Amino acid sequence: MSIRFFKIFLVVSLMLNSTVGGLKAQDKLDSIAHFIKSEMQTREIPGLQISIIRSGKVTMLESYGLANVEHSVPVNVHTLFSINSATKAFTGVAVMQLVEDGKLDLEQPISTYLDNLPSDWQNIPVYRLLDHTSGIPDFLDIKNGGYIDGLTFNKAWLRIHERPLEFIPGEKTSYNQTNYVLLGQVIERLSGMKFEEFVRDRQFIPAGMSLTNFGDSKDVISNKAPTYAHSRETKGTFVKGKTLERTWEEFPELRATAGINTTAEELGKWIIALQTKRLLKDRNSLNLMWSPRKLNNKSYGRWALGWVAKRNLTPKAVASIGGSRSWFYIYPDHDLAVVVLTNLKSDGPENLAPEVAGFYYPELKASNGGNYPDAVITLRAILEREGYNSAVKSYKRVKAKQTEYSIPEWDLTNWAYYELMLNKQPLKAKALFKLMAYLYPDNNNWKEGIQAAEKALKPVDLVPK
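Here goes a summary of the coordinates provided. The written sequence of each chain sets the order in which its residues are numbered from 1. pLDDT decides what is reported in this predicted model: residues at 70 or higher carry local features, side-chain atom pairs at 80 or more are listed and counted, and totals for whole chains, interfaces and linings draw on all residues regardless. The side-chain values count all of the structure's non-hydrogen atoms but skip hydrogen atoms and water molecules.

**Some words on the pairing of strand S12 (residues 336–342)**
Within S12, seven of the seven residues are buried, which leaves it mostly tucked inside the rest of the structure. Each residue's exposure class comes from its accessible area (1.4 Å probe, protein chains only) as a fraction of the maximum for that residue type: buried when under 20%, exposed when over 50%, partly exposed otherwise. Secondary structure elements follow DSSP: runs of H or I of four or more residues count as helices, runs of E of two or more count as strands, with numbering from the N terminus. Side chains Leu336, Val338, Val340 and Thr342 of S12 all project onto a buried face; the interleaved residues Ala337, Val339 and Leu341 project onto the opposite face, where all are buried too. Two strands are counted as paired when DSSP detects at least two bridges linking them. Pairing of strand S1 (residues 47–54) with S12, which is carried by seven bridges, proceeds in the antiparallel orientation. Looking at the pairing, isoleucine 53 lines up with alanine 337 of S12. As judged from the six bridges shared by strand S11 (residues 326–331) and S12, these two strands associate in the antiparallel manner. Its bridge partner lying in S12, tyrosine 331 is registered against leucine 336. Where S11 folds back on S12, the antiparallel hairpin that results is connected by four residues, among which aspartate 335 adopts a positive phi of roughly 50°.

Now the structure itself:
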């Protein structure tokens, strides 16, 4: 073969390989698009944005459905979605920026930075606010909505200072908003800026997030999709679980806990900026922020610093959730991130992101166990292989071999409801609720769970494998 012919052959081969690779990549994106459209129809999601970030680039950016149902306004790349509590990830970054600035020490008690705290709160280190292990009570009434005792924010804030700690700091993870209101106060005091201004100057602008803003239902925000939900009760023309209705979201005093409106494209830009040292200068800061600490019993907490620690085993996964409608997952080991934003408050798009990630790495698929916490993975693998009816026996067998093995109550509850609500596997869920009854007999969740699982059973249901 002549040198000239070899060069031509090499060029043609490279062109063909590039074309084939491009076709395969497009096929994958087409498959993802088909999956998302199918899930939107199944879940009755009006509108959705998705972005996929690989190796520092946005490789997929798509918009589907309606941003505003009543006026038939379609979603486009500029449509803003409320990410609610996913704002906490931005708060985590803001705290780490102050650490890098030398203004804040995560190990120091919060009384180092804030005055007039209850005596029980004063010696709690800053990091316990970030990972929700402080034991400080929540001033929000989660069951009934609004603030505790039906009070205004200012009165509820004062009332919560009078209440004792709910548990010894570091005993467990307990998600609440008080932690992040305190962090917002710390950020404002140390930066000398309003929280919104600090985040805008140190994160939005460097990342190129020109559309992203703070606001809620009281604010008039251009191109923002309202949030919908399926009615919780049958009343008048509303049918429980069927009729679409508007939701109201208002959190002017809680900007460090919630309140950012953004797009999938701009979240992609933010994630890229975060991973390319434009927001945090030291890679160790990023690793620290994404790593959960151990609780007093030596098990890992469910939260890292501002982020949900979805998976600590390889491949690692961290995530942020907002209002049961918006999620972004980051897989540092695979240099992959998936952003899913919707305008439907429901069971949430939580498992959509890992399912999309599974198109690239099958082990990340939620249906393959990629969305389960570390404590669940060992037992789940056994039950998937041997059957869920033996859940209690299988747990005892694992425990006998690994004496330190345990499944936290929260993880087991989520696992059971995940099988029931999202995977539509009531028999599996029922077996897990029975395991919960064995491990946590004082928790009434298992009774309600078994009833819900039995109600969901159909005559054609088979014993789970």
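**A short note on the nonpolar core**
By size, the foremost hydrophobic cluster in this structure holds 73 residues, and its most contacted members are Phe90, Leu182, Trp270, Leu274, Met289 and Trp307. Buried Ala, Val, Leu, Ile, Met, Phe, Trp, Tyr and Cys residues form a nonpolar core when they are joined through side-chain atoms within 4.5 Å. Counting 28 residues, the second-largest nonpolar core is a separate cluster that includes Ile52, Trp327, Ala353 and Leu364.

**Digging into the packing of helix H2 (residues 87–100) against helix H6 (residues 195–207)**
Angles here are taken between N-to-C directions and fall from 0 to 180 degrees, while the axes themselves are lines fitted to C-alpha atoms, restricted in helices to the stretch in contact. It is at 10 Å that the axes of H2 and H6 come closest, and there the two elements cross at 80°. In terms of axis orientation, H2 runs roughly perpendicular to H6. Along the contact surface, H2 presents Phe90, Thr91, Val93, Ala94, Gln97 and Leu98, while H6 presents Phe195, Phe198, Val199, Arg202, Gln203 and Phe204. Oblique is the label for any angle not covered by the other classes, which are roughly parallel (under 35 degrees), roughly antiparallel (over 145) and roughly perpendicular (65 to 115). The contact criterion used is simple: two residues touch if any of their non-hydrogen atoms lie within 4.5 Å.

**Some details on helix H14 (residues 445–456)**
In a regular helix each residue adds 1.5 Å, so 12 residues correspond to 16 Å; H14 covers 16 Å between its end C-alpha atoms and thus fits that length. Looking at the buried side of H14, the elements it contacts are helix H12 (409–422) and helix H13 (426–439). By definition here, a helix of n residues has an expected span of 1.5 Å times n minus one.

**Quick word on the sheet that holds strand S13 (residues 344–345)**
Strand order in the open sheet formed by three strands is S7-S6-S13, with mixed pairing between adjacent strands. Looking at strand neighbours, the two that pair on one side only are strand S7 (244–246) and S13, the edges of this open sheet.

**Concerning empty space enclosed by the protein**
Over the atoms, a rolling probe the size of a water molecule traces out where space has been left empty. Residues are called lining when one of their atoms sits within 4 Å of a cavity or pocket point, these points coming from a 1 Å grid over the protein atoms alone, where a cavity is a set in which a 1.4 Å probe fits but cannot get out and a pocket is an open set with protein on both sides within 12 Å along at least five of seven lines. Grid points are joined across faces, edges and corners, and a volume is the space filled by probe spheres set on the points. Taken as a whole, this structure holds one cavity of 30 Å³ or more when the rule is applied. For the largest cavity, the full set of lining residues is Leu274, Gln275, Lys277, Leu280, Asp282, Arg283 and Leu286. Residue classes in the lining of the largest cavity are distributed as three nonpolar, one polar and three charged. Only Asp, Glu, Lys and Arg are considered charged, only Ala, Val, Leu, Ile, Met, Phe, Trp, Tyr, Cys and Pro nonpolar, and every remaining residue, Gly among them, polar.

**Re the packing of H12 against H13**
At their nearest, the axes of H12 and H13 sit 7 Å apart, and the two run at 160° to each other. As the angle between them shows, H12 and H13 are arranged roughly antiparallel. Every pair of crossing elements has a handedness; the one defined by H12 and H13 is left-handed. Counted together, Leu412, Thr413, Trp415, Ala416, Tyr417, Glu419 and Leu420 of H12 and Pro426, Lys428, Ala429, Leu432, Phe433, Leu435, Met436 and Leu439 of H13 form the full contact between these two elements. In the contact of H12 with H13, the residues fall into 12 nonpolar, one polar and two charged. Two helices that cross are described as forming a left-handed crossing if the nearer one is turned anticlockwise from the farther one by less than a right angle, and a right-handed crossing if clockwise.

**Considering the environment of threonine 152**
In this fold, threonine 152 is placed in the loop between helix H3 (127–130) and helix H4 (153–160). Separated by 300 residues in the primary sequence, threonine 152 and alanine 452 have C-alpha atoms spaced 35 Å apart.

**Brief notes about the side chain of asparagine 261**
Here asparagine 261 lies in strand S8 (residues 260–262). Under this definition, polar contacts are N or O atom pairs within 3.5 Å; protein pairs additionally need one hydrogen-donor-capable and one acceptor-capable atom, and for neighbouring residues in sequence, both atoms have to be side-chain atoms. Side-chain polar atoms of asparagine 261 contact the backbone oxygen of glycine 215, separated by 3.3 Å. For asparagine 261, the contacting residues outside a window of four places in its chain are Leu80, Phe81, Ser82, Thr212, Asn213, Phe214, Gly215, Ile221 and Lys224.

**Concerning the sheet that holds S1**
Pairing within the open sheet is antiparallel, and its seven strands lie in the order S3-S2-S1-S12-S11-S10-S9. Whereas interior strands pair on both sides, the edge strands pair on one side only; in this sheet they are strand S3 (73–74) and strand S9 (308–311). Bridge analysis of strand S10 (residues 317–322) against S11 gives five bridges, and the strand direction is antiparallel. Bridge pairing in S11 places glycine 322 opposite serine 326. Here helix H7 (residues 264–275) sits on the sheet in contact with S1, strand S2 (57–68), S11 and S12, set at roughly 25° to S1.

**Re the layout of surface pockets**
By volume, the second largest pocket is sized at about 230 Å³. Around the second largest pocket, the lining is made up of 14 residues, and of these Ser217, Lys224, Ala225, Pro226 and Arg246 lie nearest the centre. Classifying every residue of the lining of the second largest pocket gives five nonpolar, four polar and five charged.

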